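A closer look at the structure
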Amino acid sequence: MAQQKHRIFNDYRDLFWSLIPLVLIAVVLAGAASQCTVATNGPTQGQVPHFDVDAALSSDAKSLSFPIRNPEVPQDWTSNSGSRDTVTAAGGGPVSTVGYITPQGTYMRFSQSSASEEALLRHILGSRYPTGTIDVGGRKWVVYTEPTEETAWIADFGDVRALITGAGNEAAFTTLAEAITAATPLAK
């Protein structure tokens, strides 16, 4: 029978040598499942997932109690995500959100809710304060900017608040704000 060292005599080298077979097995399994690649020239742009924004917002229009708008964004914008959330604070309500990737590769998010402006802002932006306003298509948008955070614009459409956030430049924000302002609420 082989003699084993007492546990007190084990050290980091024993741990290292016992982990090597486990790491090799994990690499072989990941390679066999085609879940990893080696790119010697650095990372490459992956494919943007497609999200059916028309179907999602149409479903939201039928099931949520407030008017839902489906902005007509430029054709080179790609819808890639959507979600529903609920603002639980006082003045809260459901939130419908869709996301787009612009031709420049930046992400823009459009949320609409029956929640009060204050409740929606605190839910999504935290404790930011407005830094100004901008008029787009006859609609006043309140602007929130901070050096280390994404920019956000919010507008009140009466029974709905529209919130735009993202990493885009002012032109991307203006494009989305114009599309939202021009959009008519979808049929229930």
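Residues numbered from 1 in each chain as written. Predicted model: local features only at pLDDT ≥ 70, side-chain atom pairs only at ≥ 80, totals over all residues. Heavy atoms only, no water.

Re the overall build of the chain
When helices and strands are counted, the chain shows 4 helices and 7 strands. Relative to the globule expectation of 16 Å for 188 residues, the C-alpha radius of gyration of the chain, 24 Å, shows a markedly less compact shape. Oriented by its inertia axes, the alpha-carbon framework of the chain measures out at about 85 × 40 × 35 Å. Per-residue burial over the chain gives 32% buried out of 188 residues. Considering only contacts within the chain whose residues lie at least 6 apart along the sequence, 51% involve residues at least 24 apart. About 11800 Å² of surface is accessible on the chain, with carbon and sulfur atoms providing 55% of the total. Here the chain contributes 13 positive and 18 negative side-chain charges, whose respective centroids are spaced 8 Å apart. (Helix = DSSP H or I, 4+ residues; strand = E, 2+ residues; numbered from the N terminus. Rg over C-alpha atoms; globule rule 2.2 N^0.38 Å. Buried < 20%, exposed > 50% of the residue type's maximum accessible area, 1.4 Å probe, protein only. Contact = heavy atoms within 4.5 Å. Areas by Shrake-Rupley, 256 points an atom, 1.4 Å probe, with all protein chains shown as cover. Lys, Arg positive; Asp, Glu negative; His and termini not counted. Charge placed at Lys NZ, Arg CZ, Asp CG, Glu CD.)

A short note on the packing of aromatic side chains
For the structure shown, the criterion picks out 5 aromatic pairs. With a centroid separation of 6.1 Å and an interplanar angle of 75°, the aromatic rings of Trp 141 and Phe 157 are classed as edge-to-face. Of the two residues, Trp 141 is situated in strand β5 (residues 139-144) and Phe 157 in the loop between β6 (151-156) and β7 (161-166); the sequence distance between them amounts to 16 residues. Under the relative-accessibility criterion, Trp 141 is labelled buried at 0%. Three or more aromatic residues link up through ring pairs in this structure, and these residues are Trp 141, Trp 153, Phe 157 and Phe 173. Positioned over the ring face of Tyr 129 is Arg 122, at 5.7 Å from the centre of the ring. For the cation-ring pair, Arg 139 lies above Phe 157, with the distance from its terminal atom to the ring centre recorded as 4.1 Å. (Phe/Tyr/Trp six-rings, centres within 6.5 Å; stacked < 30°, edge-to-face > 60°. Lys NZ or Arg CZ within 6 Å of the ring centre and 35° of its normal.)

Some words on the sheet that holds β5
Overall, antiparallel pairing links the 7 strands, which are arranged β1-β2-β3-β7-β6-β5-β4 in an open sheet. Pairing within the sheet leaves two strands with one partner each, and these edge strands are β1 (78-86) and β4 (132-136). When strand polarity is set aside, the average angle formed by the axes of neighbouring strands in this sheet is 20°. Bridge analysis of β6 against β7 gives 6 bridges, and the strand direction is antiparallel. Its bridge partner being in β7, Ile 154 is matched across the sheet by Leu 163. The strands touched by helix α2 (residues 53-63) within the sheet are β1, β2 (94-101) and β3 (107-113), with β2 carrying the most contacts at an inclination of about 170°. (Pairing = 2+ DSSP bridges. Axes fitted to C-alpha atoms, helices over the stretch in contact; angles between N-to-C directions.)

Digging into the nonpolar core
Nonpolar side chains in soluble globular proteins generally cluster together in the buried interior. Within the largest apolar cluster, 26 residues are counted, with the highest numbers of intra-cluster contacts made by Trp 141, Trp 153, Ile 164, Leu 176 and Ile 180. For this core, the secondary-structure elements that each account for two or more residues are α2, β2, β3, β5, β6, β7 and α4 (170-182). Residue contributions to this core peak at 5 residues, all from α4. If you look at the next biggest cluster of nonpolar residues, it comprises 12 residues, including Leu 120, Leu 121, Val 142 and Ile 154. (Core = buried A, V, L, I, M, F, W, Y, C linked by side-chain atoms within 4.5 Å.)

Overview of the side chain of Thr 102
Following the sequence through the fold, Thr 102 ends up in the loop between β2 and β3. Among all residues touching Thr 102, those that are not within four sequence positions of it are Asp 76, Trp 77, Met 108 and Ala 172.

Concerning the confidence of the model for the chain
Residues of the chain with pLDDT of at least 70 account for 95%, and the chain-wide mean is 90. Averaged pLDDT values for the elements of the chain fall to 84 in helix α1 (residues 12-32) and rise to 97 in β3. (pLDDT = per-residue confidence, 0-100.)

Let's talk about the pairing of β3
Counting buried positions along β3 yields 5 of 7 residues, so the element is predominantly enclosed. For β2 and β3, the ladder comprises 7 bridges, and the chain directions are antiparallel. Looking at the pairing, Gly 99 lines up with Arg 109 of β3. Hairpin geometry of β2 and β3 is characterised by an intervening segment of 5 residues between the two adjacent antiparallel strands and by a positive phi of about 90° at Gly 105. Across 6 bridges, β3 lies against β7 in antiparallel orientation. If you follow Ser 113 over to β7, its bridge partner there is Arg 161.

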